[in-house]
Amino acid sequence: MTDLITVNDADGVRTLRFNRLDKKNAITRAMYAAMADGLEEANTRSDIRVVVIAGGEGCFSAGNDMMDFMEAPPHIGGGETPAVERFMVALMGCEKPVIAAVDGLAVGIGTTLLLHCDLVYATNRAMFTTPFVNLALAPEFGSSQILPGIVGRAVASEMLLLGAKWDAKRAEAKNLINAVLPPDGFEAAVQEIAQQIAQLAPGAVKTAKMLINLPPEDIKERIVREGGLFAEQLRTDEFKEAASAFMERRAPDFSKFD
């Protein structure tokens, strides 16, 4: 794994970090491949309950490294799956909750990837922009559908047509991010949120994430689907532990469950 992506596993949380601050965390093919490896492995390990994607102090990611990008533009000429696509497929397919910690610039793919995370937190130094049209390119990886669904068509056009720059306050107001947190202690606060999730019943968390990310369907069909999964959870050892802990007035211990 390239040293431009660092991996830290602690207490059920895997932190994948862009580690190229001298280039504003511009992402190369090797970095995308390393991120994909980190996500794919996290998805198979029972001891990893949550993934955090972070940058460095004052910069999340300036997007693609343009020199590296121009050497082998994705989606041209066929061949093997581009590294950026591997990364995004791994992110979209991750069954564990993924939290993004954004401090500073989030440009292009640096913003697009946030649309596929479960929770996104930022500091007041964060800046979000998707200047694809400015570069004579098109939106990528579902952003043309997901972003209008979050913020509305007209507001999404600010970013996807005009390449507008949103500060953290506007991003929070438009539901692009969950909350703006102070720069001091920012990553510790994100890790605390990750720890809260890591201590929950992993099967229930996986099921809830799956349901949240399903495409819209008839509400009656969704209620039936939820009811079936609810019944399945009632039969799990996870639920037995949760019920016992409730009756015994103690905190449940889900550490032994996969």
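This text follows the structure it describes.
The present account deals with the structure reproduced in this document.

## Overview of the layout of surface pockets
The calculated volume of the largest pocket comes to roughly 1000 Å³. Every residue lining the largest pocket is counted, 33 residues in all, and those nearest its centre are Cys117, Asp118, Lys209, Ile212 and Asn213. Elements supplying a minimum of two residues to the lining of the largest pocket: helix 3 (83-93), strand 7 (119-122), helix 5 (143-151) and helix 9 (202-212). For the lining of the largest pocket, a count of residues per class yields 22 nonpolar, seven polar and four charged. Approximately 500 Å³ is the volume found for the second largest pocket. Lining the second largest pocket are 22 residues, and of these Asn64, Phe69, Phe132, Leu137 and Glu140 lie nearest its centre.

## A short note on the nonpolar core
Core analysis: the largest hydrophobic core is formed by 48 residues, its most contacted members being Phe18, Phe87, Leu91, Val102, Leu113 and Phe128. If one sorts the elements of this core by residue count, helix 1 (residues 29-44) sits on top with seven residues. Every residue in contact with leucine 113, bar those within four places of it in the chain, is listed here: Phe18, Phe60, Phe87, Met88 and Leu91.

## Description of the pattern of salt bridges
In the structure shown here, the tally under the stated rule is 20 salt bridges. For aspartate 103, the salt bridge identified is with arginine 125, shortest N-O distance 2.6 Å. Taken together, the residues aspartate 103 in the loop between strand 5 (98-102) and strand 6 (105-107) and arginine 125 in the loop between strand 7 and strand 8 (127-129) connect sequence positions 22 residues apart. Overall, aspartate 103 belongs to the buried group, its relative accessible area being 7%. The shortest N-O distance in the salt bridge between arginine 225 and glutamate 217 comes to 3.0 Å. For glutamate 217, a relative accessible area of 25% gives the class partly exposed. Salt bridges sharing common partners tie together Asp9, Arg14, Glu41, Arg45 and Asp47.

The rules we used
Residues numbered from 1 in each chain as written. Predicted model: local features only at pLDDT ≥ 70, side-chain atom pairs only at ≥ 80, totals over all residues. Heavy atoms only, no water. 1 Å grid on protein atoms, 1.4 Å probe; cavity = no way out; pocket = protein on both sides within 12 Å on 5 of 7 lines; lining within 4 Å. Points joined across faces, edges and corners; volume = space filled by probe spheres on them. Helix = DSSP H or I, 4+ residues; strand = E, 2+ residues; numbered from the N terminus. Nonpolar A, V, L, I, M, F, W, Y, C, P; charged D, E, K, R; others polar. Core = buried A, V, L, I, M, F, W, Y, C linked by side-chain atoms within 4.5 Å. Buried < 20%, exposed > 50% of the residue type's maximum accessible area, 1.4 Å probe, protein only. Contact = heavy atoms within 4.5 Å. Salt bridge = Lys/Arg side-chain N within 4 Å of Asp/Glu carboxyl O.

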